[in-house]
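A structural walkthrough
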Amino acid sequence: MLYALICTDKPGALQVRLDNRPAHIEFLKGLGNGLKAAGPFLDDDGNMTGSLVVIEATNRDEALAISQEDPYAKANLFESVEIRPWNWAVKNPEAS
């Protein structure tokens, strides 16, 4: 099943995000085919303010465990993380 991790940064935490971004990107790359999509949310000035990460996991507990291993989570960047099951219904390259 796919899960969307909807992460919102703490206010004023841009430097924490920037400091941990290389490790975060490597973490995402390490998920291999389990990572379906990822990218930052932006404010009106183009500054990163959160993340959307779509992963494949067996269940919500596994998705939560993966999210907690993210270097951003370990750096205490996020004000909140919402984990929601997601159905990739349109333009899914893996759909037949």
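One can find the structure itself at the top, above this paragraph.
Residues numbered from 1 in each chain as written. Predicted model: local features only at pLDDT ≥ 70, side-chain atom pairs only at ≥ 80, totals over all residues. Heavy atoms only, no water.

Concerning the overall build of the protein
For clarity, the cut-off: Secondary structure elements follow DSSP: runs of H or I no shorter than four residues count as helices, runs of E no shorter than two count as strands, and numbering proceeds from the N terminus. Radius of gyration here is computed from C-alpha atoms only, and the compact-globule reference equals 2.2 Å multiplied by the residue count raised to the power 0.38. The classification of residues rests on relative accessible area computed with a 1.4 Å probe and restricted to protein chains. Under 20% of the type maximum is buried, over 50% is exposed, and intermediate values are partly exposed.
On a plain count of helices and strands, the protein comes out with three helices and four strands. Of the regular secondary structure in the protein, the N- to C-terminal order runs β-α-β-β-α-α-β. Its C-alpha radius of gyration of 13 Å places the protein within 12% of the 12 Å reference for a compact globule of 96 residues. Judged by the C-alpha coordinates and their principal axes, the protein covers about 40 × 30 × 20 Å. Across the 96 residues of the protein, 31% fall into the buried class.

Side note on the pairing of strand 2 (residues 35-42)
Rules: Whether two strands pair comes down to DSSP finding at least two bridges between them.
One ladder, built from seven bridges, connects strand 2 with strand 3 (residues 48-56); its direction is antiparallel. Looking at strand 3, one finds that F41 is bridged to G50.

A look at the packing of aromatic side chains
Note on aromatic pairs: each is described by the distance of the centres and the angle between the planes. What counts is decided by this rule: Aromatic rings from Phe, Tyr and Trp, with only the six-membered ring used for Trp, were paired whenever their centres fell within 6.5 Å, and each pair was classed as stacked if the ring planes differed by under 30 degrees, edge-to-face if by over 60, and tilted otherwise.
Counting across every chain of the model gives two aromatic pairs. Ring geometry for W86 versus W88: centroids 5.6 Å apart, planes at 35°, classification tilted.

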